Amino acid sequence: MASRPGILTEWPWQGLGNFKYVIMAPWVVHGLHMVATKGWRETDLTFLSIFASLLLRILHNQVWISLARFQNARSNHRIVDKSIEFEQVDRERNWDDQILFNGWLLHLGHTFIPGARNLPLWRTDGAVIAALLHMGPVEFLYYWFHRALHHHFLYSRYHSHHHASIVTEPITSVIHPFAEHVAYSLLFSIPMLATAFTGTASVVAIVGYIVYIDFMNNLGHCNFELVPQWLFRAFPPLKYLMYTPSFHSLHHTQFRTNYSLFMPFYDYIYNTVDRSSDDLYERKLKGEEETLDVVHLSHLTALQSIYHLRLGFPSLASKPYKSKWYMLVLWPISWVSMALAWMYGSSFTVERNSLKKLKMQTWVIPRYNFQYGLSWERQAINDLIEKAVLDADKKGVKVLSLGLLNQAKEVNGGGELYIQKYPEWKVRIVDGSSLAAAVVLNSVPAGTKHILLTGNVSKVACAIAFTLCKRGIQVMMTKRQEFDMLKSQMPESTASYLTLSNTYSPQFVMLIILYKYGF
């Protein structure tokens, strides 16, 4: 939401929530009626292509979302090296509203403009006219409209909503108040209306123009540099005809430079190019190496859990995992994704975070919960985990935590298998139990000589007892069975510090209670 929302800020169907797609019902019914009465051969190809283009745009945008999040989690070519806030994820959840709006406009154009019906598949003259009109009027008018939006009156009421996202994602490109989208739709309709009124429009040219707009919008907001330098060396004028992700990223960080839509030549003409544009592009394209501090090695859970990763659907990734009725439609894709995950021979990065000076990543083993229970899959899973730990050690990772089933005793004994196999490793392997034990151990005051350990003995309790005895702290237990079990697992050098006693002095004892459902 803008800092001082103006009129027509909210979308007309905002109150419908997830039922907003019903606004397309009249056109879907119209199309079905057309097919039922005229047959597929007599149905207007132009009308059918509208609905197909909407589906294509949703798929196109989703591919960009997943690609950008994957690259920003693992790539050294990130432009703005900051994490995305939860507020931004929530704010950008309605990225498909503009697709619905554009679908309505296309249907209205098809209904009321004679030159927009029964279009041929392709016309070269119409494509050339559309390209020239985009380079001229569209880019020119957008440039000055964009500069006007940065005036404090319009910026505070409308455009600040878009600029609330400093770390951009592909879908950031279409996150604007409704009024702004009305203006943008009028601008982008210039080439389409011109070709329709001159009788030179074609299905491929119109759909191609819309895909071009989406592609360039997503490119400019993906937050990682990917445009190869050889393109500009092979054709130097391209520098003025195509922006790069780093070029537009400067607009989101500096605000008063790089206003152009997709073609920077108007910034060069009116001297609003950021002076650091070329330097930032070259630095981010080259990449900046970084050393990771922590890697959490997780895995997939249920079949549909892949959609809840940050690489999946933003609207699902930002909510607690819960299977909805519409997820049933995705079951075929879920099975295909499982097959692809099974064939993929390595872990992959799904998330990157920074905690003060610590650099952290989450890696995922491409296996699901049920596969860990298959005896014939265990060796393959263990090999994947071992390969991931090897990669982490080579990259200089200091700590690698094994999540969930990756620490199962049946798989690798909580990581002990790798520690024994590769004693020269510098990376420290931990799991949830060892981290919990570390929290308890770090809470023991300096100078403590005696500790009473009570409660249910678990993996965490064993780790705590072993470490305390190694430190020379007397550990007392009150239950014979648990005492005997722990002592039998300890080396003789430390076992002497573990004692069984029903009497103790409260003045010299720190009490540690380990409950069954706690530690």
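Residues numbered from 1 in each chain as written. Predicted model: local features only at pLDDT ≥ 70, side-chain atom pairs only at ≥ 80, totals over all residues. Heavy atoms only, no water.

Section: the packing of aromatic side chains
Right, on to step 1. Scanning the entire structure with this criterion turns up 23 aromatic pairs.
Right, on to step 2. When the ring of Phe 265 is compared with that of Tyr 266, the centres are 4.4 Å apart and the planes differ by 45°; the resulting orientation is tilted.
Right, on to step 3. Taking relative accessible area as the criterion, Tyr 266 reaches 10% and is therefore assigned buried. (Phe/Tyr/Trp six-rings, centres within 6.5 Å; stacked < 30°, edge-to-face > 60°. Buried < 20%, exposed > 50% of the residue type's maximum accessible area, 1.4 Å probe, protein only.)

Observations concerning the sheet that holds strand S2 (residues 348-355)
Right, on to step 1. Across the sheet, which stays open at both edges, the five strands sit in the order S2-S3-S1-S4-S5 with mixed pairing between neighbours. Of all strands in the sheet, those bounded by a partner on one side alone are S2 and strand S5 (428-431). Ignoring which end each strand starts from, the neighbouring axes of this sheet average 25° apart.
Right, on to step 2. As judged from the four bridges shared by strand S1 (residues 294-299) and strand S4 (residues 399-402), these two strands associate in the parallel manner. Its bridge partner being in S4, His 296 is matched across the sheet by Ser 401.
Right, on to step 3. Of the strands in this sheet, S1, strand S3 (358-365), S4 and S5 touch helix H17 (residues 378-394), which is tilted by about 160° from S3.
Right, on to step 4. Of the strands in this sheet, S4 and S5 touch helix H20 (residues 432-442), which is tilted by about 90° from S5. (Pairing = 2+ DSSP bridges. Helix = DSSP H or I, 4+ residues; strand = E, 2+ residues; numbered from the N terminus. Axes fitted to C-alpha atoms, helices over the stretch in contact; angles between N-to-C directions. Contact = heavy atoms within 4.5 Å.)

A few points about unusual backbone geometry
Right, on to step 1. With a phi close to 70°, Asn 223 is a non-glycine residue in the positive phi region.
Right, on to step 2. Of note, Asn 223 is situated in the loop between helix H8 (203-220) and helix H9 (229-234).
Right, on to step 3. Among the residues examined, Asn 223 registers a relative accessible area of 3% and is labelled buried.
Right, on to step 4. Not every positive phi belongs to a glycine, and Phe 255 is a case in point at roughly 70°.

What about the domain arrangement of the protein?
Right, on to step 1. Assigned domains of the protein: these are domain 1 (14-234), domain 2 (294-431) and domain 3 (443-514).
Right, on to step 2. For domain 2 versus domain 3, the separation of C-alpha centres amounts to 34 Å. (Domains from an automatic or database assignment.)

Re H17
Right, on to step 1. For H17, built from 17 residues, the straight-helix expectation of 24 Å at 1.5 Å per residue is met to within 8% by its first-to-last C-alpha distance of 24 Å.
Right, on to step 2. Taken together, the buried positions of H17 are occupied by Ile 381, Asn 382, Leu 384, Ile 385, Glu 386, Ala 388, Val 389 and Ala 392.
Right, on to step 3. Directly after H17, the chain includes Gly 396, whose backbone phi takes a positive value near 80°. (Expected span 1.5 Å × (residues − 1).)

What about the packing of helix H2 (residues 45-74) against H8?
Right, on to step 1. Interhelical geometry of H2 versus H8 gives an angle of 15° and a closest axis separation of 10 Å. It follows that H2 is roughly parallel to H8 by the angle criterion. Handedness of the H2/H8 crossing: right-handed. Note on element contacts: H8 touches H2 through Val 203, Val 207, Ile 210, Val 211, Asp 214, Phe 215, Asn 218 and Leu 219, opposite Leu 45, Thr 46, Ser 49, Ser 53, Leu 56, Arg 57, His 60, Asn 61 and Trp 64. (Parallel < 35°, antiparallel > 145°, perpendicular 65-115°, else oblique. Left-handed = near helix turned anticlockwise from the far one by under 90°.)

Digging into the confidence of the model for the protein
Right, on to step 1. Model confidence for the protein is summarised by a mean pLDDT of 90, while 96% of its residues fall at 70 or above.
Right, on to step 2. Per-residue pLDDT stays below 50 along residues 515-519; that stretch engages in seven contacts with residues further than four places along the chain or on separate chains. (pLDDT = per-residue confidence, 0-100.)

What to know about the UniProt feature "domain: Fatty acid hydroxylase" (unreviewed entry) in the protein
Right, on to step 1. Cross-referencing UniProt, the feature "domain: Fatty acid hydroxylase" (unreviewed entry) maps to residues 133-272 in the present numbering.
Right, on to step 2. Secondary structure content for residues 133-272 is 66% helix and 0% strand, while the C-alpha to C-alpha distance between its ends is 23 Å. (UniProt positions renumbered as here; feature names shortened; annotations may be inferred.)

Remarks on the side chain of His 162
Right, on to step 1. Here His 162 lies in helix H6 (residues 152-163).
Right, on to step 2. Judged by relative accessible area, which is 5%, His 162 ranks as buried.
Right, on to step 3. At a separation of 3.2 Å, a polar atom in the side chain of His 162 contacts the side chain of His 252.
Right, on to step 4. With sequence-adjacent residues up to four places away left out, His 162 is seen in contact with Thr 172, Ser 173, Ile 175, His 176, His 221 and His 252. (Polar contact = N/O pair within 3.5 Å; in protein donor to acceptor, adjacent residues only side chain to side chain.)

Description of the pairing of strand S6 (residues 450-455)
Right, on to step 1. Relative to strand S7 (residues 474-477), S6 runs parallel, the two sharing three bridges. In the strand pairing of S7, Leu 452 is matched with Met 476.
Right, on to step 2. For the handedness criterion, the β-α-β arrangement of S6, helix H21 (residues 459-470) and S7 is classed as right-handed. (Right-handed = clockwise from strand over helix to strand, strands pointing away.)

Comments concerning the environment of Lys 409
Right, on to step 1. As for its placement among the helices and strands, Lys 409 is situated in helix H18 (residues 409-412).
Right, on to step 2. The exposed category is assigned to Lys 409, whose relative accessible area is 73%.
Right, on to step 3. Put simply, Lys 409 and Val 430 are 21 residues apart on the chain and 13 Å apart in space, counted from C-alpha to C-alpha.

Quick look at the state of the cysteines
By definition, a disulfide links two cysteine residues through a covalent bond between their sulfur atoms.
Right, on to step 1. Under the defined criterion, the tally for this structure stands at zero disulfides.
Right, on to step 2. Between Cys 469, a free cysteine, and Cys 462, which holds the nearest cysteine sulfur, the sulfur-to-sulfur gap is 11 Å. (Disulfide = S-S within 2.5 Å.)

Let's talk about the pattern of salt bridges
Right, on to step 1. For the structure shown, the criterion picks out 20 salt bridges.
Right, on to step 2. Of the charged contacts in the structure, one is a salt bridge between Arg 78 and Asp 81, with a shortest N-O distance of 3.4 Å.
Right, on to step 3. A salt bridge links Glu 288 to Lys 284, with the nearest nitrogen and oxygen atoms 3.5 Å apart.
Right, on to step 4. Glu 288 gets classed as partly exposed once you look at its relative accessible area, which sits at 39%.
Right, on to step 5. For Lys 284, a relative accessible area of 8% translates into the label buried.
Right, on to step 6. Several salt bridges converge on common partners, so that one network encompasses Arg 78, Asp 81, Glu 290, Arg 352 and Lys 359. (Salt bridge = Lys/Arg side-chain N within 4 Å of Asp/Glu carboxyl O.)

Points about helix H11 (residues 245-254)
Right, on to step 1. With eight of 10 residues buried, H11 is to be regarded as a mostly interior element.
Right, on to step 2. Within H11, burial applies to Pro 245, Ser 246, Phe 247, His 248, Ser 249, Leu 250, His 251 and His 252.
Right, on to step 3. Buried residues belonging to H11 abut helix H5 (124-149), H6, H8, helix H12 (265-269) and helix H13 (277-286).
Right, on to step 4. Immediately downstream of H11, the backbone of Phe 255 shows phi near 70°, a positive value.

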